[in-house]
Amino acid sequence: MAGEYKELHSVLIDGAPRFGTSALSFDNELELLWSGNMGGHITSYCGASLQKYTSFQIDARNPVIGIETVKDRVLSLTKDRVTCHSKFGLKEYEFLPESTFSIESSMLYKDTSLLIGGKSSRLIELDLNTGASPVRDFTDEGKMENGVMLFRSSPRFICCGDVAGSITLRDRETLKAQHVFNAHTGTLSDFDIHGHLLVTCGYSLRHGMDRSIPQSLTLDRVIKVFDTRMMRTVTPIQAHIQPAFVRFIPTYTRRLIIMNERGQFILIEDNAAVTPSTPIYQLNNMCGNITSFAMSNSMQTLAFGDSGGHLQLWSSSANPTFHQYQKMPEFAPIPEPLEHRIAIDDYSIPLSVIPMPRCREKLLSDWPLKYCNPVSRRPPPIDPNIIQTMKIVHGIGYAPNPGNRRRNQVPYKLKDIAKQDKMGKKAAVPDSPLGREEQPHLYMVPKKYRKISLKYSKLGFEEDSMIQHYNRTNFAGLDPNILNAYCNSMLQVLYFLQPLRSSLLQYHNLEKEFDLAEELGFLFRMQDLSKGGVLQASNFLRAFRTIPEATALGLVQNSSQPEQVGTSTHGNLSQLVQNWNCFILQQLQTELSQAPPRSPDYNFQKEPNVPNKTAMEKIFGTEMKISTNFKNGNSSERMAVQLIFTLNYPPLPPPGEPPKLVPFTDIITRSICSKVQTKSYDPNSATYQPMEQLRTPVSLPEVLALNCGLMRDDEMQFWKIQMELLQQMNAARVSEIDKKRKLSKEENGENTGKKNDSAMPDDKSDAWNVFAEREGLDLSFDQQHKATWLPLSITLALTKSGELKVTSNDSKSPHHKKSEFIEANNGDTNNEIVQESTYDLYTTICHIVDPRTGGNLVAHVNVGEKYHQLKEGVTHTQWYLFNDFQICSIDAVEAVDFDLQWKLPAIIYYARRDMFRRSDFNVAFPLTASILSPSESLSKSHPQSPAPITFTPLMPAELPSCPGMLVALDAEFVTLNNEEAELHSDGTRSTIKPSHLSLARVTVVRGEGDIEGLPFIDDYISTQEQVVDYLTKFSGILPGDLDVSISSKHLSTLKLTYCKLSYLVHCGCIIIGHGLRKDFKVINIVVPATQIRDTVYLFHLPRKRFISLRFLAWYFLETKIQEKNHDSIEDARTALKLYKKYLELTENETQVLKFQQTVLKDMYEEGRKLEWKVPGTDM
């Protein structure tokens, strides 16, 4: 019959007939069928022809009982292990449960886990990414005594079948038992679930016989059916074959396949009865019983394996596929034959392309040993500089690289070595044939634009000397060595937007745990308080990673991908930052519009009636009138607010027509006032009609945000044409200026008798040219005579007729026009200006294309007066270049000068000239003393008995009322990503990327008063991120302490705890602690130096090691702490006592001198004797 299953192909699997088939599984992605045999061997077959693809051994002692595929890996199960291989056969890892756990079945769970069941009263959830240890070990008391022999899954339940014939329905999240069906009295053979129906086949126990005797079981001739909605039994299905396998085939109708061990099977509907006319299909299994069965995802193919090692493929189609969308596996490439002869003296062709000839006789090159004399290649002479600086350690010499050789590379031709020795300079090493096609870089990125990696000290801190070298300003740079740090340039731009900064600094919303608006406000406050240095936007980026829209747009970097810190793994950095620009403006608009009423909204001074507008709408919003005209005569108008515009470029000139210099102001006009022609739905006629949509502005924004695009080749070509025309115009202008100078000198008689002029050379010296080239300087002519295509100032005007006019205010612009629109118009009032504003260029963000480093993003920002007054106490404006943590001042022309070979424009902001004057800079602090009030724990493990409180909140009389209140702080952390370090050939070790720590616990104790030392904050920080190391020995944090579902601690969100600490800092509290620099860095907070009392530095001598809190407590307080694990309450109290001891030892100048010259020296001497270990302990 058409559409019915027929035998398509049959093969013997590897190991047959000695080993039969034990497991079958179709691949989840590729056109592969996987088979496992009784000898522990796995083989994969490609397509309906069953072409062998891969074959490898799993376990020589036990049969394969299950196969699962996930992405590019295959998981195989034997009774004592789970083994993970790549689909090419390479082993990745192996999981071995304890000997008492015998594996019987498995199932993919939540895409990243494997659920394992067996002859045990528990389930194991294994992480597929690591495979090193189980994620969860689940035990359900009294409901798993018979183990799990089969798994099946549905959208509602995970079904577990056991050896006693019962099927337990479990919740997909908690794995708790919801219902149990006692299907068979003996044992279970097979079952399946689809929709709300559960079907089973199995054995019954003969009356009065023991289950352990094989003869006591008899096969049931019925298929039992259960309804999982009503949790009841449905009428069973009678079968005239003894069912051993049963599966649903959910195609157009819901059919069942019922098969016995002898290879007979029938196909029936789930609600139909088996009649004598129901066809019975017979497999060709003369060698044994059917042992395994699998069905493809497309439902077109069925695979059967028997005990004789035969693999049969049945299909309902002549050309079946295993998946709805066919995806073939990757095969090894077939070497192409040589099309022409190769000259024997052609060194450009690698010898590997020449195949070895097939011959039975010896080759001519195979000489007898008596004619062969092995000769070693003469090593190159060692550089004398290396010998002079060499240090011998355990018989091995180490020396720094003198700089004239690459690491681990030497010339491989003796004549080059001789030539190098003879000429006294580095000889050229012949290029590899594989690299001959690569063109050398014809340009050089200036140093200040290059991507620079941070260097770290042994303690994981940034090297201060490096930071001071690259940032001599009082503005803070941002760390590029964290995920998603590509947005550092945009964060700097948003901070220096004064109205946005003021609005977010006073924004507060505790109703949402992850709020980008409030996290930006926290980051801006850190930038206000810092004086140079490097900050980490880790808290902001942590919240950024949780936004689903950011992940959907591809803006979130995945740590599992090959990571280039601070750059994108998704494609072009320019496109990435422009998408991020659109996302952040819209996200801030959404969050500010949903803010609770108590959150203050920012208003400009002298702003007319602007009801129901958020700060984003006031700053970036442009009210647009959208007019839609359909071809059938219908039309509509609506109003909308647009925050950002993408530049719309005109088409390129046709071939043969000379290009023209298009004013940038025209580009702005066509980008804002856009016209679109397309086909759309007309609600009046309820049909799709051709239409024309016109967008015109009704108001002007405070900040005009522009995305440059440049994603298409025609857009990039348009920019190149404009730059070339501008360069030609600049060259003509310089030539004209030189002619005028020469003519002026001749007229004044200055062209003769001047020694200085005759002594000056026409060209610059070679040394100066080398310096300019190395630094990437453009010395072609004076910058003051250079015209720019991008104007530094523009004027936007709206007429009464709705027309937008944009003009440039730059005198050096090639299309400079005066911003005067009111001219003689013959009484036409439509051209009357209703709104006009002057805009100055505020920022440009550029993509630096550098193949050597992978590229980076930089920002040119015109920093306003009030920021300089805050940081430096002076009042002026200045352009700066922000390149992560490298900050330097630049000229305004440099912000609009683009060399498209390495510097591509991405984002442009224009700001109203009077915007900064009309906006407030100093705003109120949004937090009050109520933030210190006790909050409920997030822990849900024991709702009836809440987590014990280990702290006493501050009483109203204890709240900080004036600066100087003493508090002691200690924080504990867990590791999210381990440290990345490099071991050099000279034995030294350097940190490439420090470990990524996350805040786990914060304790703050009282530093004064009657109950001094009593904590008033002791919060455990809940986290949803995967923890690599809990650092229990140093933090006291145990697995589960940070999980809201099982923790017994007082859990809090990071945001709430951060607000508490931020309030204490704002109130001027003096914070005491040990190693506070690291604590503040991980907490991501900036505390003024005048409010820090760090015992690490109080008990420290210059150029000496830092002393641990444990040793200081023993030496000065005669107290032993941290005997088991660290406890933050104990550490905070100890730091407070040490500070009190320090004050006692330094009451006057005499005691200060004695403390430094005697007390500390004696402590260091004692520490060296004891090797810095507390007596009586191992630490």
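What you are looking at is a predicted structure, and each value in this text was computed from that prediction instead of being measured.

Peer 1: Help me understand the overall build of the protein chain in this model?
Peer 2: Looking only at helices and strands, the protein chain has 23 helices and 54 strands in total. In the protein chain, which comprises 1179 residues, the proportion classed as buried is 47%. Long-range contacts, defined here as pairs at least 24 residues apart, represent 60% of the contacts in the protein chain between residues at least 6 apart. In the form shown here, the protein chain has an accessible surface area of approximately 62,000 Å², with 51% of it arising from carbon and sulfur atoms.

Peer 1: Looking at this structure, I do not really get the sheet that holds strand E8 (residues 81–86). What am I missing?
Peer 2: Across the sheet, which stays open at both edges, the four strands sit in the order E6-E7-E8-E9 with antiparallel pairing between neighbours. A strand with exactly one partner marks an edge of an open sheet, and here the two such strands are strand E6 (66–70) and strand E9 (91–95). Neighbour to neighbour, the strand axes of the sheet diverge by 20° on average, direction disregarded. Across four bridges, the pairing between E8 and E9 is antiparallel. Looking at E9, one finds that Thr83 is bridged to Glu94.

Peer 1: Can you walk me through empty space enclosed by the protein in this structure?
Peer 2: To locate leftover empty space, one rolls a probe as large as a water molecule over the atoms. For the structure shown, the criterion picks out eight cavities of 30 Å³ or more. There is about 80 Å³ of room inside the largest cavity. Lining the largest cavity, in full, are Leu504, Leu505, Tyr507, His508, Glu518, Gly521, Phe522, Arg525, Phe925, Pro926, Leu927 and Ser1062. Per element, the largest residue contribution to the lining of the largest cavity is four residues, and it comes from helix H6 (residues 516–529). Its residues assigned to classes, the lining of the largest cavity shows seven nonpolar, three polar and two charged.

Peer 1: Explain unusual backbone geometry here, please?
Peer 2: What you tend to see is this: most non-glycine residues have negative phi, and most peptide bonds are trans. Cis geometry is found at the peptide bond from Ala16 to Pro17, where omega equals 0°. Secondary-structure assignment places Pro17 in the loop between strand E1 (6–12) and strand E2 (21–26). A positive phi is found at Leu710, a non-glycine position, where the angle reads about 60°. By the secondary structure assignment, Leu710 is in the loop between strand E39 (703–707) and helix H12 (713–747). Relative accessible area serves as the criterion here: at 8%, Leu710 is assigned to the buried category. Of note in the backbone geometry, Glu1171 takes a positive phi value of approximately 55° without being a glycine. With respect to the helices, strands and loops of the structure, Glu1171 is situated in the segment after helix H23 (1149–1169).

Peer 1: Got a minute to help me understand the packing of aromatic side chains in this structure?
Peer 2: Two numbers describe a pair of aromatic rings. These are the distance of the centres and the angle of the planes. Scanning all chains against the criterion turns up 45 aromatic pairs. An angle of 80° between the planes, with centres 5.4 Å apart, marks the rings of Phe475 and Phe496 as edge-to-face. With Phe475 in the loop between helix H3 (464–470) and strand E32 (477–478) and Phe496 in the loop between helix H4 (488–495) and helix H5 (498–505), this residue pair connects regions lying 21 residues apart in the sequence. A single burial state applies to Phe475 and to Phe496, both of which are buried. Seen from their ring centres, Tyr495 and Tyr867 are 5.3 Å apart, and the 70° between their planes marks the pair as edge-to-face. Of this pair, Tyr495 sits in helix H4 while Tyr867 sits in helix H15 (residues 865–872), placing them 372 residues apart in sequence. There is no split in this pair, since Tyr495 and Tyr867 are both buried. Taken together, the aromatic side chains of Phe1099, Phe1111, Trp1114, Tyr1115, Phe1116, Tyr1142, Phe1155, Tyr1164 and Trp1172 make up a single cluster linked through ring pairs. The side chain of Arg152 reaches across the aromatic face of Phe191, ending 5.6 Å from its centre. Its guanidinium or amino end placed over the ring of Phe921, Arg501 lies 3.9 Å from that ring's centre, counting from NZ or CZ.

Peer 1: Honestly, the packing of H6 against helix H18 (residues 1054–1066) in this entry has me stumped. Any pointers?
Peer 2: Angle between the axes and distance between the axes are the two parameters that describe a pair of packed helices. H18 packs onto H6 with a crossing angle of 30° between their chain directions and a minimal axis gap of 12 Å. Every pair of crossing elements has a handedness; the one defined by H6 and H18 is left-handed. For the pair H6 and H18, contact is made by Glu518, Glu519, Phe522, Arg525 and Met526 and by Lys1055, Tyr1058, Cys1059 and Ser1062, respectively. Taken together, the residues of the contact of H6 with H18 break down into four nonpolar, one polar and four charged.

Reading the values: rules and limits
Residues numbered from 1 in each chain as written. Predicted model: local features only at pLDDT ≥ 70, side-chain atom pairs only at ≥ 80, totals over all residues. Heavy atoms only, no water. Helix = DSSP H or I, 4+ residues; strand = E, 2+ residues; numbered from the N terminus. Buried < 20%, exposed > 50% of the residue type's maximum accessible area, 1.4 Å probe, protein only. Contact = heavy atoms within 4.5 Å. Areas by Shrake-Rupley, 256 points an atom, 1.4 Å probe, with all protein chains shown as cover. Pairing = 2+ DSSP bridges. Axes fitted to C-alpha atoms, helices over the stretch in contact; angles between N-to-C directions. 1 Å grid on protein atoms, 1.4 Å probe; cavity = no way out; pocket = protein on both sides within 12 Å on 5 of 7 lines; lining within 4 Å. Points joined across faces, edges and corners; volume = space filled by probe spheres on them. Nonpolar A, V, L, I, M, F, W, Y, C, P; charged D, E, K, R; others polar. Phe/Tyr/Trp six-rings, centres within 6.5 Å; stacked < 30°, edge-to-face > 60°. Lys NZ or Arg CZ within 6 Å of the ring centre and 35° of its normal. Left-handed = near helix turned anticlockwise from the far one by under 90°.

It is worth stressing that arrangement in space is one thing and function is another; only the former is reported here.
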